[in-house]
Amino acid sequence: MSANEQNKILYNAIFKLLRPLVRIFLRNGMPFAAFAEIAKRAYVDVAEIEFSVPGKKQTNSRISTITGLTRKEVQRIKAIEDDANDDLIDRYNRAARVVYGWVIDARYWDENNQHGDLNIGGAPPSFNALVKEYSGDVPPRAILDELLQIGIVDQLQDGKIQLLERAYIPRASEIDKLQYLGTDVSGLISTMDRNIHMKDKKPFFQRKVYYNNLPEEAAEELQKMLSDKGQYLLEILDQWMAEHDRDITPAVKGKGRKASGIGIYYFEDE
């Protein structure tokens, strides 16, 4: 395949990738100039971190050469402070761990071997004890408010906390959902980048099934099937990962530190 043919395929792929993103941009009032500025920051950031010469410090001149931006522009962009907020991811992880512990830890089960209703305070098993064990030093009230707000738990008349869902599925605000756009979609694209270019490494799992002539009734049934079977699979994977995560299971041994995740999603078009 010639370089021109490869570029044409890449440009067409980027155009398809950008269409739903531009839809989000325009819906939220982001003009092209703002997107262009963000794109410049991404170019500089990736060039500085991932395209340096081994053993040498990355220079503005080399970043300029790689990206096509002027050295003055590179210097200006590097001076911009990164205001990325990881609070959403932290809140998600902490709340998810609490729900996970409630579901799998037998100390918090009832006589039917199901997750039981918990007193807020007092001796274990209690909600406060659960939060302390599975979410660290975060205030239990903050976790409770989060779970109450999104309908994962309910507070009964006797004051006990009842778990309504087996998994933490945040019904996030629009702002939170936009933040998920940056974390979830980037994970998929990073996997695809690895599978395309890193020929010497084992590819990450990346599969999909797609049919383009399903009736509406079948699409609705498919969504229900995915909700049931997909949730069951994710619960199995969630339990295994938690058993091997050193934040939750400190006794786990091993070298290095990897952030790993698995996403299942449904997509539909006319």
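Structural data are supplied above this passage.
Cut-offs used in this document
- Residues numbered from 1 in each chain as written.
- Predicted model: local features only at pLDDT ≥ 70, side-chain atom pairs only at ≥ 80, totals over all residues.
- Heavy atoms only, no water.
- Axes fitted to C-alpha atoms, helices over the stretch in contact; angles between N-to-C directions.
- Helix = DSSP H or I, 4+ residues; strand = E, 2+ residues; numbered from the N terminus.
- Parallel < 35°, antiparallel > 145°, perpendicular 65-115°, else oblique.
- Contact = heavy atoms within 4.5 Å.
- Nonpolar A, V, L, I, M, F, W, Y, C, P; charged D, E, K, R; others polar.
- Buried < 20%, exposed > 50% of the residue type's maximum accessible area, 1.4 Å probe, protein only.
- Polar contact = N/O pair within 3.5 Å; in protein donor to acceptor, adjacent residues only side chain to side chain.
- Patch = residues over 30% accessible without salt bridge, like charges linked within 9 Å, V, L, I, M, F, W, Y side chains within 5 Å.
- Areas by Shrake-Rupley, 256 points an atom, 1.4 Å probe, with all protein chains shown as cover.
- Salt bridge = Lys/Arg side-chain N within 4 Å of Asp/Glu carboxyl O.

A.B. asks: Help me understand the packing of helix H6 (residues 127-135) against helix H7 (residues 140-149), please; the structure alone is not making it clear to me.
C.D. replies: Relative orientation and spacing of two packed helices are given, respectively, by the angle between their axes and the distance between those axes. Relative orientation of the contacting elements H6 and H7 amounts to 100°, with a least axis distance of 9 Å. The pairing of H6 with H7 is recorded here as roughly perpendicular in orientation. Listed contacts from H7 to Phe127, Asn128, Val131 and Ser135 of H6 are Pro140, Ile143, Leu144 and Leu147. Taken together, the residues of the contact of H6 with H7 sort by class into six nonpolar, two polar and no charged.

A.B. asks: What am I meant to see in the side chain of Gln58 here?
C.D. replies: As for its position among the elements, Gln58 is in the loop between helix H2 (32-50) and helix H3 (60-67). Judged by its relative accessible area of 10%, Gln58 falls in the buried class. Within the structure, the side chain of Gln58 is placed 2.8 Å from the backbone oxygen of Ala47, a separation counted as a polar contact. Here Arg62 takes part through its side chain, which lies 3.4 Å from a polar atom of the side chain of Gln58. Non-local contacts of Gln58, meaning those with residues more than four positions away in its chain, are made with Ala47, Glu48, Phe51, Ser52, Ile63 and Ile66.

A.B. asks: Where do I start with a nonpolar patch on the surface in this structure?
C.D. replies: Nonpolar side chains collect at one region of the surface, where Leu188, Met192, Ile196, Tyr210, Tyr265 and Phe267 lie side by side and expose about 600 Å² of accessible area between them. With respect to the helices and strands, the residue Ile196 is situated in helix H8 (residues 174-197). Ile196 sits in the partly exposed class, given a relative accessible area of 46%.

A.B. asks: Looking at this structure, I do not really get unusual backbone geometry. What am I missing?
C.D. replies: Peptide bonds are, in most cases, trans, and in most cases residues other than glycine have a negative phi. Here the bond from Pro124 into Pro125 is cis, since omega is 5°, no more than 30 degrees from zero. By the secondary structure assignment, Pro125 is in the loop between helix H5 (87-104) and H6. If you check the backbone angles, Asn113 has positive phi at about 60° while not being a glycine. The residue Asn113 is located in the loop between H5 and H6 in this model.

A.B. asks: Sorry, what's going on with the pattern of salt bridges here?
C.D. replies: Working definition: two side chains of opposite charge can pair if their charged atoms are close together. Tallying each qualifying case throughout the model produces nine salt bridges. We note a salt bridge from Glu37 to Arg76, for which the minimum N-O separation is 3.0 Å. Of this pair, Glu37 sits in helix H2 while Arg76 sits in helix H4 (residues 71-78), and the two are 39 residues apart along the sequence. Classification of Glu37 by relative accessible area gives partly exposed; the value is 24%. Residue Arg76 is classed as partly exposed on the basis of its relative accessible area of 35%.

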